[in-house]
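Residue-level structural notes
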Amino acid sequence: MDVREKLAVLADAAKYDASCASSGSKSTRAGSSIGSTEGMGICHSYTPDGRCVSLLKILLTNYCIYDCQYCVNRISSDTPRARFTVDEVVSLTMEFYKRNYIEGLFLSSGIIQTSDYTMEQLVSVAKKLRTQQHYGGYIHLKTIPNASQSLIDEAGVWADRLSVNIELPTESDLYTLAPEKKKTQIVGAMQGIRQKIDETKADQKSGMHPPRFAPAGQSTQMIVGATETPDVAILDTASQLYDGHNLRRVYYSAYSPIPHADARLPGQSPPLVREHRLYQADWLLRFYGFDASEIVTEADQNLALDIDPKLAWALANRHFFPVDVNRASREELLRVPGIGAKNVKRILSIRRYKSLRTDDLKKLRVAWSRAKYFVLTADHNPKLADLDKVDLRDRAKPKHQQLMLFDTGQSARTGEV
């Protein structure tokens, strides 16, 4: 194959990996003359401040010695195969960047020969970009589980972000569909990355100048819907990863049926709204003070698909309401449906000077259609009378409507509920 044919195969093979956001890296590397992290094989990701950046997203190769049943690149699959050389990836990255097609590189790979051999190839790409091409833009490397710690340490020197995919929510799921992968190895790799990040930060605080190590942190991805594992277990795993390994993000990827799939796999993808609800619940875990065990309120241990998880929690915990916006603590305000973290900050600031009324909340553009049933304001709020009504769920849930493109984009970027 020529490079163009390889790109068609390996860019398509990389589309199943969702953990490619470039958030966390904010400046070009010192001493580099090419590339910036500010600003076919191209994916678009959002930074925390809402900027959209373009990444060259490819696999080094889609050959793989593993036989994970949910993966289109498993060894038993008859998918077309291709493999880039290290120099081809370096050249592609530089040519795409010089043409202003991309702002960074997301590089993953199937596992060939051994974990260490594959990891060496990935590290070589990043090292050549930094040292030979003087490329200072964003690089995200997928870390290979069971690779030696010395290779992971070197990867973090050249890459802005590292990630190790947890793949499936539970150890039993892995045993069923990917028995060659062990959760202990995956979590061990995450722990090694965290320890190195912590060591680097400690050295910096003590006045030393160690080499940068994965300044944008680490992330992971979980496949949703390949097994019958409920959302409560998925969120519990995510919570453990955030607490234990200080991950920047856990990405949730709805399972996509693949050709000639194992009979144990479902014949169709889960509803995409389930993936969206998991991202909203993930936001509650990270920024709203919720625990994984309290977010899921449905009897089947899955998130409700017709309403967002914060509204579902509020309906199941009506004794917590109404919340007085002029007296409540920050933690209490964060649990009100329709009031996001930014508006909580505004409310706490404004109420030092005046008592907030319903019109004030509307001017702040809180989601009044949901918040009105749960808040006490300085003036009369007639919708509070509906708080204890049996049909409150039907009253509060959003009516079916055509979403505006920009509204959807805002929700995707902020995750606020």
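Now for a quick tour of the structure. (Residues numbered from 1 in each chain as written. Predicted model: local features only at pLDDT ≥ 70, side-chain atom pairs only at ≥ 80, totals over all residues. Heavy atoms only, no water.)

Within the secondary structure, Leu272 sits in helix 8 (residues 272–287). For the pair Leu272 and Ala254, spaced 18 residues apart in the sequence, the C-alpha separation amounts to 6.8 Å. (Helix = DSSP H or I, 4+ residues; strand = E, 2+ residues; numbered from the N terminus.)

Attention now moves to empty space enclosed by the protein. The computed volume of the largest cavity comes to approximately 40 Å³. Lining the largest cavity, in full, are Tyr66, Pro145, Asn146, Glu180, Lys181, Lys182, Gln185 and Ile186. By residue class, the composition of the lining of the largest cavity is three nonpolar, two polar and three charged. (1 Å grid on protein atoms, 1.4 Å probe; cavity = no way out; pocket = protein on both sides within 12 Å on 5 of 7 lines; lining within 4 Å. Points joined across faces, edges and corners; volume = space filled by probe spheres on them. Nonpolar A, V, L, I, M, F, W, Y, C, P; charged D, E, K, R; others polar.)

Between the first and last C-alpha of helix 3 (residues 115–131) there are 24 Å, a value that for 17 residues agrees with the 24 Å anticipated at 1.5 Å per step. Along helix 3, the positions that sit buried rather than exposed are Ser115, Thr118, Met119, Gln121, Leu122, Val123, Val125, Ala126, Leu129 and Arg130. Looking at the packing, one finds that the buried side of helix 3 touches helix 2 (86–98), strand 3 (104–108), strand 4 (138–142) and helix 4 (149–158). (Expected span 1.5 Å × (residues − 1). Buried < 20%, exposed > 50% of the residue type's maximum accessible area, 1.4 Å probe, protein only. Contact = heavy atoms within 4.5 Å.)

Turning our eyes to something else, we now look at the pattern of salt bridges. According to the stated counting rule, one finds 21 salt bridges in the structure shown. Two residues, Asp231 and Arg274, come together in a salt bridge whose shortest N-O distance is 2.8 Å. One end of the pair, Asp231, is in helix 7 (residues 231–245); the other, Arg274, is in helix 8, with 43 residues separating them in the sequence. The class for Arg274 is buried, based on a relative accessible area of 13%. One salt bridge in this structure joins Asp394 and Lys397, with 3.9 Å as the shortest N-O distance. The network of salt bridges with common partners includes Glu298, Asp306, Arg393, Asp394 and Lys397. (Salt bridge = Lys/Arg side-chain N within 4 Å of Asp/Glu carboxyl O.)

This next bit is on the state of the cysteines. Per the counting criterion, the structure on display carries zero disulfides. Just so you know, Cys64 is unpaired, no disulfide at all, and the nearest cysteine sulfur is the one on Cys68, 6.3 Å from it. Using a relative accessible area of 17% as the deciding quantity, one classes Cys64 as buried. Here Cys68 is not disulfide-linked; the sulfur of Cys71 is the nearest cysteine sulfur, at 6.2 Å. (Disulfide = S-S within 2.5 Å.)

Take Arg130: it is sitting in helix 3. At a separation of 2.9 Å, a polar atom in the side chain of Arg130 contacts the main-chain carbonyl oxygen of Tyr135. Engagement of the side chain of Arg130 in a polar contact is seen with the backbone oxygen of Trp158, the distance being 2.7 Å. (Polar contact = N/O pair within 3.5 Å; in protein donor to acceptor, adjacent residues only side chain to side chain.)

Attention now goes to the environment of Lys183. In this structure, Lys183 sits in helix 6 (residues 183–205). Residues Lys183 and Glu171 lie 12 residues apart in sequence; the distance between their C-alpha atoms is 6.0 Å.

Next up on the list: the environment of Ile347. Structurally, Ile347 can be placed in helix 12 (residues 341–350). Each C-alpha atom, one on Ile347 and one on Leu361, is 8.4 Å from the other, the two residues being 14 residues apart in sequence. The residues contacting Ile347, other than those within four sequence positions of it, are Val325, Leu333, Ile339, Leu356, Leu361 and Leu364.

Before going further, it helps to spend a moment on the side chain of Asp282. Mapping Asp282 onto the fold places it in helix 8. Asp282 has contacts with Leu235, Ala238, Tyr242, Val250 and Tyr252, leaving out every residue within four places of it along the chain.

What follows is about the packing of aromatic side chains. Both the distance between ring centres and the angle between the ring planes are used here to describe each pair of aromatic rings. Overall, the coordinates contain 10 aromatic pairs when judged by the stated rule. Judged by centre distance (5.2 Å) and plane angle (80 degrees), the rings of Tyr252 and Tyr279 are edge-to-face. Taken as a pair, Tyr252 in strand 7 (residues 249–254) and Tyr279 in helix 8 lie far apart in primary sequence, 27 residues in all. Ring centres of Trp313 and Phe321 lie 6.1 Å apart, and the angle between their planes is 75 degrees; on these two criteria the pair is classed as edge-to-face. Each member of the pair, Trp313 together with Phe321, is buried. A network of ring pairs unites the aromatic residues Phe290, Trp313, Phe320, Phe321, Tyr373 and Phe374 as a single cluster. (Phe/Tyr/Trp six-rings, centres within 6.5 Å; stacked < 30°, edge-to-face > 60°.)

We now examine unusual backbone geometry. A cis amide bond links Phe321 with the next residue in sequence, Pro322, at an omega value of 0 degrees. Looking at where Pro322 falls in the secondary structure, it is placed in the loop between helix 10 (309–316) and strand 8 (323–324). The backbone of Gln113 shows a phi angle near 60 degrees, a positive value even though the residue is not glycine. Checked against the element boundaries, Gln113 lands in the loop between strand 3 and helix 3. Look at Gln113 and you get exposed, because its relative accessible area is 54%.

Once that is clear, we can look at the packing of helix 2 against helix 3. For any two helices packed against each other, one specifies the crossing angle of their axes together with the interaxial distance. For the pair helix 2 and helix 3, interaxial distance at closest approach is 9 Å and the crossing angle is 45 degrees. The pairing of helix 2 with helix 3 is recorded here as oblique in orientation. Relative to helix 3, helix 2 is oriented so that their crossing is right-handed. Seen from helix 2, the contacting residues are Val86, Asp87, Val89, Val90, Thr93 and Met94; seen from helix 3, they are Gln121, Ser124, Val125, Lys128 and Leu129. Class assignment for the residues of the contact of helix 2 with helix 3 results in six nonpolar, three polar and two charged. (Axes fitted to C-alpha atoms, helices over the stretch in contact; angles between N-to-C directions. Parallel < 35°, antiparallel > 145°, perpendicular 65-115°, else oblique. Left-handed = near helix turned anticlockwise from the far one by under 90°.)

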